[in-house]
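Given next are the chains, with one letter for each unit.
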Amino acid sequence: MYQIEEPTYFIYLAIIPVVFVLFLLVLWWKKRTQKHFADKKLIEKLSPQKSGFKSFLKIIVICLGLAFLVISLTNPKMGTKLETVKREGVDIVFALDVSKSMLAEDIAPSRLDKAKQIITRVIENLGSDRIGIIIYAGNSYPLLPITTDHAAAKMFLQNANPDMVSSQGTAINDAIERGITYFDNDEQTNRFLFIVSDGEDHEENTISLAKDATKQGIKVYTVGVGSEKGAPIPIKSNGQVVSYKKDNKGEVVITKMVETVLRDIANEGNGKYINGNKTQETIDTIEDILLKAEKSEFETKKFADFKDQFQWFLGIGLLFLILDVLLLEKKTTWIQKLNLFNQTEKNEK
């Protein structure tokens, strides 16, 4: 495992292409000037030991030296030991509905964006709790396994969209089933499954699956986003609405939040239904639930003893620059003596 302490210094790598371009310009200027002085054959006779290859080799060596010096400025660090850390917290899994109906804009900016805002804000305020994310539509898919890496959770969450799921629908059943198997610590008794959805197009047996989750020690909470009045599902191109989704009869589909379904799931799942249309109230409610939950101790692995590695890059960079000083632009005599291309015999003939 490694860390970059000062990544902003990578901007100095832009010096390298500038140096290379300047080298090419100088080379062009030299050749242009030489043409005014004498022709190519005469110049070769006047400076027979001049090597064009060595000039390119020197600029490559200089660029490599500068690159390693810049990398040394960023102070790379290497994690040399993996240690076990004990923490206290709960396991939380968010099952996010990414079906097309979540694109409806009856809740600004859209149901899906509202759901992401809520989950992101909750993650930002978590302590040592572990978090996992499932996305679902016609099927469910694991987006992020249980982890303490909250930054990764937010990053993966922002990329969630309906295109990530091959089939459409609202497979709450599949999401609950996957959620039951998502928790990886048998000793962890404080497990929370938050289903964030508009509750539309639910399947049968959802209630019984919520009961099964409680038998596994999982509390199922539901967060509803959307309005009962409903809204059409926009179809966009380049960020602009070009039309709305229509059914087989050519009529615009109006999607509505089915709050009763979400309430029933939460009641049978030993949890609570939360109306997610008001962002801050929803976040406060979820945080209050997690705050009151009894924390359990669990173990997690992390890299420790990060050591500075800049000296290696600094040394290699200086070595390249010293090599450039020692590298003359003359042809190498001992290579010429090898006569690899049998030039003498060719001239004699």
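Described below are features of the structure shown in this document. (Residues numbered from 1 in each chain as written. Predicted model: local features only at pLDDT ≥ 70, side-chain atom pairs only at ≥ 80, totals over all residues. Heavy atoms only, no water.)

1. Examining the overall build of the protein
Helix and strand counts for the protein stand at twelve helices and 13 strands. Evaluated residue by residue, the protein yields a buried proportion of 39% over its 349 residues. Sequence separation of 24 or more characterises 82% of the internal contacts of the protein that already satisfy a separation of 6 or more. Summing over all exposed atoms, the protein offers an accessible surface of approximately 20,800 Å²; the carbon and sulfur share of this is 56%. (Helix = DSSP H or I, 4+ residues; strand = E, 2+ residues; numbered from the N terminus. Buried < 20%, exposed > 50% of the residue type's maximum accessible area, 1.4 Å probe, protein only. Contact = heavy atoms within 4.5 Å. Areas by Shrake-Rupley, 256 points an atom, 1.4 Å probe, with all protein chains shown as cover.)

2. As for the sheet that holds strand S4 (residues 130-136)
The strand order S5-S4-S3-S6-S7-S12 describes an open sheet built from six strands, whose pairing is mixed. Among the strands making up the open sheet, the edge pair consists of strand S5 (140-147) and strand S12 (273-275). Ignoring which end each strand starts from, the neighbouring axes of this sheet average 15° apart. Relative to strand S7 (residues 218-224), strand S6 (residues 191-197) is paired through seven bridges, and the arrangement is parallel. Looking across to S7, one finds that Ser197 is bridged to Gly224. Where helix H6 (residues 172-182) meets the sheet, it contacts strand S3 (91-97), S4, S5, S6 and S7, and its direction lies at approximately 25° from that of S5. The sheet contacts of helix H9 (residues 279-292) involve S3, S6, S7 and S12, and relative to S12 the element is tilted by about 150°. (Pairing = 2+ DSSP bridges. Axes fitted to C-alpha atoms, helices over the stretch in contact; angles between N-to-C directions.)

3. Remarks on the environment of Ile59
Secondary-structure assignment places Ile59 in helix H3 (residues 52-73). Residue Ile59 is classed as buried on the basis of its relative accessible area, which comes to 6%. Taking C-alpha positions, Ile59 is 9.9 Å from Ile16, a pair spaced 43 residues apart along the chain. Excluding anything up to four places from it in sequence, Ile59 contacts Val19, Phe20 and Phe23.

4. Description of the pattern of salt bridges
All told, the structure shown has nine salt bridges when counted by the stated rule. Residue Asp91 pairs with Arg130 through a salt bridge whose shortest N-O separation is 2.9 Å. Residue Asp91 is found in strand S3, and its partner Arg130 is found in strand S4; the two are separated by 39 residues along the sequence. Both residues of the pair, Asp91 and Arg130, count as buried. Taking the shortest distance from any N to any O, the salt bridge between Arg111 and Asp198 comes out at 2.9 Å. Taken as a pair, Arg111 in helix H4 (residues 111-124) and Asp198 in the loop between S6 and helix H7 (206-215) lie far apart in primary sequence, 87 residues in all. For the pair Arg111 and Asp198, one class covers both residues: buried. It is possible to trace a salt-bridge network through shared partners that takes in Asp106, Arg111 and Asp198. (Salt bridge = Lys/Arg side-chain N within 4 Å of Asp/Glu carboxyl O.)

5. Topic: the packing of H7 against helix H8 (residues 259-268)
Packing of H7 against H8 leaves a shortest axis separation of 8 Å and a crossing angle of 30°. Judged by the inter-axis angle, H7 sits roughly parallel to H8. By crossing handedness, the relation of H7 to H8 is classed as right-handed. Residues Thr206, Ile207, Ala210, Lys211 and Thr214 of H7 form the contact with H8, whose own contacting residues are Asp264, Ile265 and Glu268. (Parallel < 35°, antiparallel > 145°, perpendicular 65-115°, else oblique. Left-handed = near helix turned anticlockwise from the far one by under 90°.)

6. Some words on H7
Within H7, the full set of buried residues consists of Thr206, Leu209, Ala210 and Ala213. Projected down its long axis, H7 shows its buried positions confined to an angular sector of 105°, all on one face. Turning to H7, the residues buried within the fold contact H6, S7 and H8. Phi for Gly217, located one or two positions after H7, is positive at around 80°. (Arc of directions from axis to C-beta.)

7. Digging into the pairing of S6
Counting buried residues in S6 gives seven out of seven residues, a clear majority hidden from the surface. Burial along S6 is two-sided: the face carrying Arg191, Leu193, Ile195 and Ser197 and the face carrying Phe192, Phe194 and Val196 are both buried.

8. Structural notes on the nonpolar core
For soluble globular proteins, nonpolar side chains are generally found buried alongside one another. Counting residues in hydrophobic clusters, the biggest one holds 35 residues, and the most contacted among them are Phe94, Leu96, Phe192, Phe194, Ile286 and Leu290. Only S3, H4, S4, S5, helix H5 (150-158), S6, S7 and H9 provide two or more residues apiece to this core. Considering every element that reaches this core, the biggest residue donor is H4, with six residues. Setting aside its immediate chain neighbours within four residues, Ile286 contacts Ile118, Val122, Phe194, Val223 and Ile274. (Core = buried A, V, L, I, M, F, W, Y, C linked by side-chain atoms within 4.5 Å.)

9. A short note on the side chain of Gln309
Following the sequence through the fold, Gln309 ends up in the loop between strand S13 (296-308) and helix H10 (310-326). A residue is classified by how much of its surface remains accessible, and Gln309, at 18% relative accessible area, is buried. Beyond its immediate stretch of four places on either side in the chain, Gln309 contacts Asn75, Pro76, Lys77 and Met78.

10. A look at the side chain of Thr282
Take Thr282: it is sitting in helix H9. A residue is classified by how much of its surface remains accessible, and Thr282, at 0% relative accessible area, is buried.

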